[in-house]
Structures are given as C-alpha cells and as structure tokens.
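The primary structure of each chain is shown beneath.
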Amino acid sequence: MIFSGRAHPSLAEEVTTTLGTDLVPTDAYSFANSEIYVRFDESVRGCDAFVIQSHTAPINEWIMEHLIMVDALKRASAKRITVVLPFYGYARQDKKHRGREPISARLIADLFKVAGADRLMAVDLHTSQIQGFFDGPVDHLMALPILSSYVKKHYGKEDLAIVSPDAGRIKVAEQWSQRLGGAPLAFIHKTRDITRPNQSMANRVVGEVAGRTCILVDDMIDSGGTICQAADALMAEGAASVVIAATHALFSGPAVERLANSVAREVIVTNTLPLSAEARVLDKITELSIAPLLSQAIRAVFEDGSVTSMFDGNA
C-alpha cells in the first residue's frame, strides 16, 4: 500500500501509476493552531506500507506530517513501514563544523525510527554517511542513470568534461565520467565561510576545461549562488559552454532568477521536489521524472529483490 503526504502529491501519483496501483485515500488537514491531523480511510493491518513525502518548504511542516503518517501506520498495525524520502530534509547538517552545533541529519533518522519506520529509501543523500544514522536498512537511490542518459542523448557527441562543484563530490563525477565514455574530470576549488549559510566563493578551476562542454554536476541547487559562480569560473577558463545537472531543485529565494541570468546553457533537474510555476516557465530548466526510479525500487523492496543491482552494484 502506498501513502502520500501533501507536500508533493503529483510525484506519488506518478509512482503509483507506474506500479499499477492507487494511493491509499487519506484525510489530512491542519487545525487552526497549525497542528496536523492524518487518518487513512482503509484498513492497513498487515500491509507493506510505503510512505512518500518530499521535504520541501515549509520543510518542518512536511517532516512533521511525514512522522505523523508513520505513527498512524504503526498504531494501525502495518506489517512493515518504508519511509520514502525523495529529498531528505536537514541532510546538509550531517556533521559538526564547530562546537555546540547539532547533527540534525541524525536527528531526522532517529525521529523516523521512533515513529515506527522499519526502512528508509532516499534519493541522492547529501553524503553517503547518512545511511549509518538510521538503525535499519537504507536504500540510497541515485538519479545518476536518469540524468546521465539525458546528457548522453543531447550532448554525447560534443567534447565533454565532467565538473564537480567542489572536491568532495569528485567520486560522483567519476561515476558520471564512466557513463559518458570516460570524459575528463575537473573540479572547482572553493572556500566557504561556515558562519554564513548559502554562501561560498569559487576560487579556481582544477582540470582542463578549455573548449569543452562542461557538465557541472551536483546533488542540489538551493539559492543558486554556488552553482552559478562555478559556471562563471568555467567560462572564464575557456569552456565552450556549461550544462548544469542536479538532482534536487530546492530553488530557494533568488535561485530561479540567478539561473535565468546565468551563463548555463541548460539546467537539468529531477522532480524529487515540486518546481514553482516561475521555474516551470523558464526554457532553460529541464525537469526529468524520478518516479520510474522510485517505482522500481519500491517494487524491488516489496518483492524482496535487489535494489543495489539497479545501480550496477554501486548503491
């Protein structure tokens, strides 16, 4: 049985359509003081439950609704509860940079465990170590096959370079390179002031990008400042053009305007998060569906199959 919160119902509906089933009818609303109420309209006793909710803005509200749905399933005697997180909220707070800071990504995992989750399924976690925060199975899905197939189809005949926006994601860039015929790698050396969120400075490009179509790959685009600076740095080094590919389109604040005015030729994202109307009308932004990937993973878990085999053993 598949359940959806109110954050991104269109994605859940696409998943159920692909699986040939329907979402379980759910009553969900907020009281006058903003407390959330959830009740399922069908018996869930003994079911294998998959609860889909993307942690989009207002993120705290949708996380709370997600937890309440899991609690309701636990108390209604669901056999197994899998929390499906197309986007895992608070994933960037996965370690302490300074004293007296929280590790909020661990807190989210603990909250779902206490609520009654048996398993987590997430797409492109900010760092793989988050898998260890949850005391149970975690299926770490990757949008790489979907994004790279699109890039190969539309840009495969050009002279490519795969660019990581920082040194920490070079491993992901290597996987991109393998899928795109061994295209050379580069990365942006950048500095970040840990006291100022959503701000960083692209310092210099490490690697040969001159005359190449640079595929700039990242897990998310939030305010858009970092990725647009990286694109500018690549063009300054003589890149022929820049194509941005990212899994999660947070697009906070001025992100859409920045991307519209950026040097990027195309910005490719998935629908793990709902796109705003402003972003949808921008020709430069291409949205690919993550639903086939989620559907395949849900079916594999339900049938006790292998999720890892979906990613050539890399997941």
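The shown structure was predicted, so the numbers you read here are calculated from the model rather than taken from an experiment. (Residues numbered from 1 in each chain as written. Predicted model: local features only at pLDDT ≥ 70, side-chain atom pairs only at ≥ 80, totals over all residues. Heavy atoms only, no water.)

## Some remarks on the overall build of the protein
Per the secondary structure count, the protein includes nine helices and 14 strands. Computed over its C-alpha atoms, the radius of gyration of the protein comes to 20 Å, within 12% of the 20 Å expected for a compact globule of 315 residues. Counting across all 315 residues of the protein, residues that qualify as buried make up 51%. Restricting to contacts in the protein with at least 6 residues of sequence separation, those with at least 24 account for 63%. Counting only carbon and sulfur atoms, one obtains 49% of the accessible surface of the protein, whose full area is about 14,400 Å². (Helix = DSSP H or I, 4+ residues; strand = E, 2+ residues; numbered from the N terminus. Rg over C-alpha atoms; globule rule 2.2 N^0.38 Å. Buried < 20%, exposed > 50% of the residue type's maximum accessible area, 1.4 Å probe, protein only. Contact = heavy atoms within 4.5 Å. Areas by Shrake-Rupley, 256 points an atom, 1.4 Å probe, with all protein chains shown as cover.)

## Description of the pairing of strand E7 (residues 138–141)
Alternating positions in E7 separate into two faces, Val138 and His140 on one and Asp139 and Leu141 on the other, with burial throughout. Across four bridges, the pairing between strand E6 (residues 119–123) and E7 is parallel. Counterpart to valine 123 in the pairing with E7 is leucine 141. (Pairing = 2+ DSSP bridges.)

## Concerning the UniProt feature "active site" (unreviewed entry) in the protein
Mapped onto the present numbering, the UniProt feature "active site" (unreviewed entry) falls on Lys190. By the secondary structure assignment, lysine 190 is in strand E9 (residues 185–191). (UniProt positions renumbered as here; feature names shortened; annotations may be inferred.)

## Structural notes on the packing of helix H1 (residues 9–19) against helix H9 (residues 291–302)
At a closest axis distance of 9 Å, the pairing of H1 and H9 adopts a crossing angle of 55 degrees. Here H9 runs oblique to H1, going by the angle between their axes. Crossing handedness for the pair H1 and H9: right-handed. Residue-level contacts link Leu11, Glu14, Val15, Thr18 and Leu19 of H1 to Ala291, Leu294, Ser295, Ile298 and Arg299 of H9. Of the residues that constitute the contact of H1 with H9, the class distribution is six nonpolar, two polar and two charged. (Axes fitted to C-alpha atoms, helices over the stretch in contact; angles between N-to-C directions. Parallel < 35°, antiparallel > 145°, perpendicular 65-115°, else oblique. Left-handed = near helix turned anticlockwise from the far one by under 90°. Nonpolar A, V, L, I, M, F, W, Y, C, P; charged D, E, K, R; others polar.)

## Comments concerning the sheet that holds strand E5 (residues 80–85)
Backbone hydrogen bonds hold the strands of a sheet together, and the pairing may be parallel or antiparallel. Strand order across the open sheet formed by five strands is E1-E4-E5-E6-E7, with parallel pairing between neighbours. Taken across any chain shown, the strands that pair with only one partner, and hence form the sheet edges, are strand E1 (2–4) and E7. When the angles between neighbouring strand axes are averaged without regard to direction, this sheet yields 20 degrees. Taken together, the four bridges between E5 and E6 define a ladder with parallel strand orientation.

## Some points on the UniProt feature "binding site: ATP" (unreviewed entry) in the protein
Residues given the UniProt feature "binding site: ATP" (unreviewed entry) here are Asn33, Ser34, Glu35, Arg92 and Gln93. Look at the named residues: they lie 61 residues apart in sequence, and the longest C-alpha span between them is 29.6 Å, so in the fold they stay spread out. Secondary-structure assignment places asparagine 33 in the loop between strand E2 (26–30) and strand E3 (36–40). Of the residues examined, asparagine 33 reaches a relative accessible area of 48% and is grouped as partly exposed. Relative to the helices and strands, glutamate 35 resides in the loop between E2 and E3. Residues contacting glutamate 35, with those up to four places away along its chain left out, are Tyr29 and Ser30.

## Comments concerning the nonpolar core
Counting residues in each nonpolar core, the largest one holds 41 residues, and the members touching the most others are Val15, Leu141, Ile162, Trp176, Ile215, Leu294 and Ile298. The leading source of residues in this core is H9, at seven residues. In contact with leucine 141, other than residues within four places in its own chain, are Met121, Ala122, Val123, Asp124, Leu293, Leu294, Ala297, Val307 and Phe311. The next biggest cluster of nonpolar side chains, apart from the first, holds 33 residues, and it includes Ile36, Ile63, Tyr88 and Ile108. (Core = buried A, V, L, I, M, F, W, Y, C linked by side-chain atoms within 4.5 Å.)

## Regarding H1
Taken residue by residue, H1 has Leu11, Ala12, Val15, Thr16 and Leu19 as its buried positions. What you see down the axis of H1 is that its buried residues fit within an arc of 135 degrees, all on one side. Looking at the buried residues of H1, the elements they touch are E1, strand E4 (48–52) and H9. Positive backbone phi, approximately 75 degrees, marks glycine 20, located one or two places after H1. (Arc of directions from axis to C-beta.)

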